[in-house]
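Topology and contacts: notes
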Amino acid sequence: MSEQTSATTAGARPTGVAGAGTKEKRPGVVLVLVLALQTMLILDVNVVNIALPDLKDALGFTPTGLSWVLSSYLLTFGGLLLLGGRAGDILGHRKGLLVGVTVFTAASLLGGLSTSAGMLLAARAIQGVGAAIAAPTVLALIATHFTEEKARAKALGAYAAVSGSGAAIGLIGGGLLTDWLSWRWVLFINVPIGLVLLILAPMFIHETDRTPGSFDLGGALSSTLGMTALVYGFIRAAEQGWGDGLTIGSFVAAIVLLALFIVVENKAKQPITPLRLFADRNRAIGYLALLFVMAAGNSMFFFLTQFLQEVSGFSPIKAGLAFVPLALLILGSSSVSAKLLPRFGARVLTAVGSAAISVALIWFAQITPSSSYVSTLLGPMVIAGLGMGVLLVGVTTILFSGIKPEETGAASGLLNVMQQIGGALGLAVMVTVFGAASRGAEAPAGLDTKGAADYVLTEGVTAAFSWGAGFTALTILLTLVMRRMTAGGDTQQQNEQPVHAGL
């Protein structure tokens, strides 16, 4: 589109960093670096999943306490993302990348060296802080370093492919590292990647123009605490029930704090999240659709991992490798979808991708303890992989249509918020469904202890998959109320050129 193209170009000028001309000649290196960062951050949400049983035995976690290995990361990551996005706009996105990667890498080293449960949880929380600072810089740096329309479209397509396949690749990597080395290497693996980024980023990535201003501390505090309370409330409900006093208190606090956030942002001269980002109906629907899809997707990976290892008897490495078809299909369908975007448009891709994921989850909901990987699980994995790649290209196009350069950090931060918060909330809701279904399941007579346990677990898993299909079905409905769009992703009323034209 004309507005995005000119705006992005304006935000791409170097700010006097030495060697900027050399950096402009190596766009491929820039893309590799920012995608390496995106991969590292996404992998860390899921790479520990397969290692959890080993980690539990090594550090003495209780079954309930083990869930905090995931939630401590998601709470700080999701809760601080909006502040991280604004910090990149004000201080410069390259600086945000370097600070975030430094914190993340140091915390990964600390986590790998952990000798107690508390030490590991502290490291995971600090990892989330680093990720919150670094993650919003990825799309912002793509937007400012790839100003030519076709090049930017290809870069965004690569970003969508990495984002979509990250969860599956994390499960594969977690299995390999746990089987071949130990659970500690699911954390240590971030250290060499982080060091390479810290060395090469200043050489090839120029600093972006900075937006003059100050930090919106009121908005940052209310949004961070509000989202943290919301995530904690759902996780607490999954562990202690909806009637638990702390669960109820967390939800009340979340409502109050997020309402305060809206009030503060409406009055702030320089809000961390310009509420006008939601003024466009399609973009607002896109954010909600992304939240629902991530809620279903994260839960799918979590429960499939449990089923494969606990019921089907897969080893960690075999369970990880079971997701290879899914990862490859996300990558392939993302690439193909980017080429189909000019013909069919972002809204159609979003709806088609959501429908495919719904079909896959409904199919997964039919599994039984005797279901085999090839006959029962591979088919829906193929459909889910195709759907995720198609959907992410469509949603990413919708969310970045018409974004001004000074808002790229906030917009990319909000995109990542929806990914992390959606995953955390969705998993908490699905775990609650899983728990209720498992408690209500009655194993058929005649089963031995292992058979009865497998039956109960499968009943819970299938119930969770059914709810996941409901979330993605809501995404399909949301696309029906979007305004009609051009093939490139823009509303026809804007009469602008597609952001992904020529991809």
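Residues numbered from 1 in each chain as written. Predicted model: local features only at pLDDT ≥ 70, side-chain atom pairs only at ≥ 80, totals over all residues. Heavy atoms only, no water.

Let's talk about the overall build of the protein
- A tally of regular secondary structure across the protein gives 21 helices and zero strands.
- Buried residues in the protein amount to 58% of all 503 residues.
- Long-range pairs, those at least 24 residues apart, make up 84% of the contacts in the protein between residues at least 6 apart in sequence.
- Element-wise, carbon and sulfur atoms account for 68% of the exposed surface of the protein, whose accessible area totals about 18500 Å². (Helix = DSSP H or I, 4+ residues; strand = E, 2+ residues; numbered from the N terminus. Buried < 20%, exposed > 50% of the residue type's maximum accessible area, 1.4 Å probe, protein only. Contact = heavy atoms within 4.5 Å. Areas by Shrake-Rupley, 256 points an atom, 1.4 Å probe, with all protein chains shown as cover.)

A few points about a nonpolar patch on the surface
- Taken together, the side chains of Val336, Leu340, Phe344, Val348 and Val352 make up a nonpolar region of the molecular surface, amounting to roughly 400 Å² of accessible area.
- Counting only elements with at least two residues in the nonpolar patch, the list comes to α17 (324-344) and α18 (346-364).
- Here the nonpolar patch gets three residues from one element, more than from any other, and that element is α17.
- Mapping Leu340 onto the fold places it in helix α17.
- What makes Leu340 partly exposed here is its relative accessible area of 34%. (Patch = residues over 30% accessible without salt bridge, like charges linked within 9 Å, V, L, I, M, F, W, Y side chains within 5 Å. Salt bridge = Lys/Arg side-chain N within 4 Å of Asp/Glu carboxyl O.)

As for the pattern of salt bridges
- Counted under the stated rule, the structure contains one salt bridge.
- Notably, a salt bridge pairs Asp454 with Lys450, separated by 2.6 Å at the nearest N-O pair. With Asp454 and Lys450 both in helix α21 (residues 449-480), this residue pair falls four residues apart, about one helical turn.
- Lys450 gets classed as partly exposed once you look at its relative accessible area, which sits at 44%.

Considerations on the nonpolar core
- Residues Leu37, Ile142, Met300, Phe323 and Phe465 are the most contacted members of the largest nonpolar core, which totals 128 residues.
- The residues touching Ile142, leaving out its near neighbours within four places in the chain, are Val34, Ala155, Leu156 and Tyr159. (Core = buried A, V, L, I, M, F, W, Y, C linked by side-chain atoms within 4.5 Å.)

Considerations on the packing of aromatic side chains
- Scanning the model with the defined rule gives seven aromatic pairs in all.
- With 5.4 Å between their ring centres and 35° between their planes, Phe303 and Phe434 make a pair best called tilted. Separated by 131 residues along the polypeptide, Phe303 in helix α15 (residues 281-311) and Phe434 in helix α20 (residues 408-440) bring together distant segments of the chain.
- By relative accessible area, Phe434 is classed as partly exposed at 21%.
- Considering the side-chain rings of Phe314 and Tyr373, the 6.3 Å spacing of their centres and the 55° angle between planes classify their relative orientation as tilted. (Phe/Tyr/Trp six-rings, centres within 6.5 Å; stacked < 30°, edge-to-face > 60°.)

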